[in-house]
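Okay, here's what each chain looks like letter by letter:
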Amino acid sequence: MKYRSSRGGVSGLGFRDAVMMGLATDGGLLIPHDIPDVTDKLASWSSLTFQELAINIMAEFIDDIPFEDLTLLVNRSYARFNHEKVTPVVQVGDFHLLELYHGPTLAFKDIALQFLGNVFEYILDDQQSCLNILGATSGDTGSAAIEGVRGKSNINIFILFPEGRTSPVQEAQMTTVPDANVFNIAVDGSFDDCQSLIKAIFSDMPFKQEYQLGAVNSVNWARVLAQIVYYFFAWYELDKPKTFDVSVPTGNFGDIFAGYLAKRMGLPIRKLILATNQNDILARFFQTGVYKRGDVHFSESPAMDIQVSSNFERYLYYALDGSCEEVSEFMADFLGEGVARLDFNTSEFDDSFLAGSVDDTETLKTIRSLYEQHNYLVDPHTAVGISVGNRLRTPDVPLLSLSTAHPAKFEGAISKAIPGHITSHESLEALEGLPKRKKRMGAEVGQIQAFIRQHGLR
Ligand SMILES: *Cc1c(COP(=O)(O)O)cnc(C)c1O
């Protein structure tokens, strides 16, 4: 399989080059030249384990890593999950949940970032080179990225976060990791400051090249690829229904885009239900065709407090029937004016998506009622997906809702939803009292660059 940019400036890349490039050099996103149709293989994949299924699906998209090596990479990536099925399906009332949070940081990002870390290590080993990963986090991505690369000899990771503005659990998950290749930078500033710092450092080309800077953000193709797998796995776990709806709590559009690809590959998903919190730019787009930036609102589901969805452009490429010029125009309009339109009537628009949003009150109510009625506790992101999913599902068609984090990661929201209820997880309790490592710094490019010069791999 080869990869090209959604804006047309890059094509013919192998998988390895696509992973190392991350964002396409023309500013677009990398997508496969075609989407493989696996309909004829579905029957033969029926009794595979999660890992075996992952290897088979990934092999459809990777032809520059031998099958045996891919097998090792996949097995290593999911060895740290604490459930034998990796992503089990459970029934709650009249719908199903796909639990994606059994990885080391208890959130679904582990599924992609464990794999990405191992793929990076493998490619760098082969090239005899090294990488300094630089990222900013407001909470969840940082710890999942750190867990994905900790202890790897050819990778160092530098994570910036706003001092005092991540939750205590999130900060502990990052700063208690003892491996010498992990560097936490606590910035005196906001998350936006952290992102601006990263942007400034990445645009210093000589510095970027000298220190082999890389990113692990959600646009990396390997992350999308790893996420396709569990849509298929869940279908087998549901005993291969003729069709089913899937509800996905959405922020950067990475998770639900993987579901869209699974559907295009031949998985019989009827509707992909896109669920957002009050940051509803995507829900509005799928309802009206207008993609319009708003202000970011802080919510009880902070991993979805996003206005500009970094993976959306991948979908746009398919919605615009592969026209790179139209994708570029749309994105230029959006970046320039904060608004762009897609005409659902004239383009051959596919009706794969339904979309809706909920506010915090509804989210907390969903948490409470599921707990009262089914004695099942969900985190606020998962609750957004369940709430919108149940509103928009197709009657008599099974509904699968994706559960993206363990509730113990968001105990603040849980205790608001169910006063007096205390939720915990042994892997979070184990962090209490461990020594923490973080370097406090001002929001200054020069300070951070100096720190990377001192600690970066060369
Ligand atoms: C990142 C995240 C999401 C949103 O996923 P996207 O791929 O960005 O749409 C939802 N829930 C949780 C817990 C997350 O960490």
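Summarised in this report is the structure supplied together with it.

How each quantity is defined
Residues numbered from 1 in each chain as written. Predicted model: local features only at pLDDT ≥ 70, side-chain atom pairs only at ≥ 80, totals over all residues. Heavy atoms only, no water. Salt bridge = Lys/Arg side-chain N within 4 Å of Asp/Glu carboxyl O. Helix = DSSP H or I, 4+ residues; strand = E, 2+ residues; numbered from the N terminus. Buried < 20%, exposed > 50% of the residue type's maximum accessible area, 1.4 Å probe, protein only. Contact = heavy atoms within 4.5 Å. Near = heavy atom within 4 Å. Polar contact = N/O pair within 3.5 Å; in protein donor to acceptor, adjacent residues only side chain to side chain. Areas by Shrake-Rupley, 256 points an atom, 1.4 Å probe, with all protein chains shown as cover. Nonpolar A, V, L, I, M, F, W, Y, C, P; charged D, E, K, R; others polar. Phe/Tyr/Trp six-rings, centres within 6.5 Å; stacked < 30°, edge-to-face > 60°.

**Section: the pattern of salt bridges**
What the rule picks out here adds up to 20 salt bridges. We note a salt bridge from K85 to E237, for which the minimum N-O separation is 3.0 Å. One end of the pair, K85, is in the loop between α3 (67-78) and β3 (89-92); the other, E237, is in helix α9 (residues 221-237), and 152 residues separate them in sequence. Among the residues examined, E237 registers a relative accessible area of 31% and is labelled partly exposed.

**Some thoughts on the side chain of K271**
Within the fold, K271 resides in strand β10 (residues 269-276). Judged by relative accessible area, K271 falls into the buried class, the value being 16%. Setting aside chain neighbours within four positions, we find K271 in contact with F244, D245, V246, D351, S352, L354 and T394.

**Description of the site of the ligand**
K109, G251, N252, D255 and T404 are the nearest of the 15 residues found near the ligand. A distance of 3.0 Å separates an oxygen atom of the ligand from a polar backbone atom of F253. Between T404 and the ligand, the recorded distance is 2.8 Å, taken from a side-chain N or O atom to a nitrogen atom. Surface burial for the ligand is 97%, taken as the share of its 380 Å² of free accessible area covered by protein chains. The residue inventory of the shell around the ligand, partitioned by class, reads six nonpolar, six polar and three charged.

**Observations concerning the packing of aromatic side chains**
With the rule as written, the count across this model stands at 35 aromatic pairs. Each ring, one from Y3 and one from W221, has its centre 5.4 Å from the other, and the planes form 50 degrees; the classification is tilted. Placement of Y3 in strand β1 (residues 3-5) and of W221 in helix α9 is noted, with a sequence separation of 218 residues between them. The pair Y3 / W221 is uniform in exposure class, with both members buried.

**Quick look at unusual backbone geometry**
Among all residues save glycine, negative phi is the norm, and among peptide bonds the norm is trans. Unusually for a residue other than glycine, D239 sits at a positive phi of about 70 degrees. Structurally, the position occupied by D239 is in the loop between α9 and β9 (244-249). Since its relative accessible area comes to 64%, D239 is described here as exposed. The phi dihedral of N375 is positive, around 55 degrees, even though this residue is not glycine.

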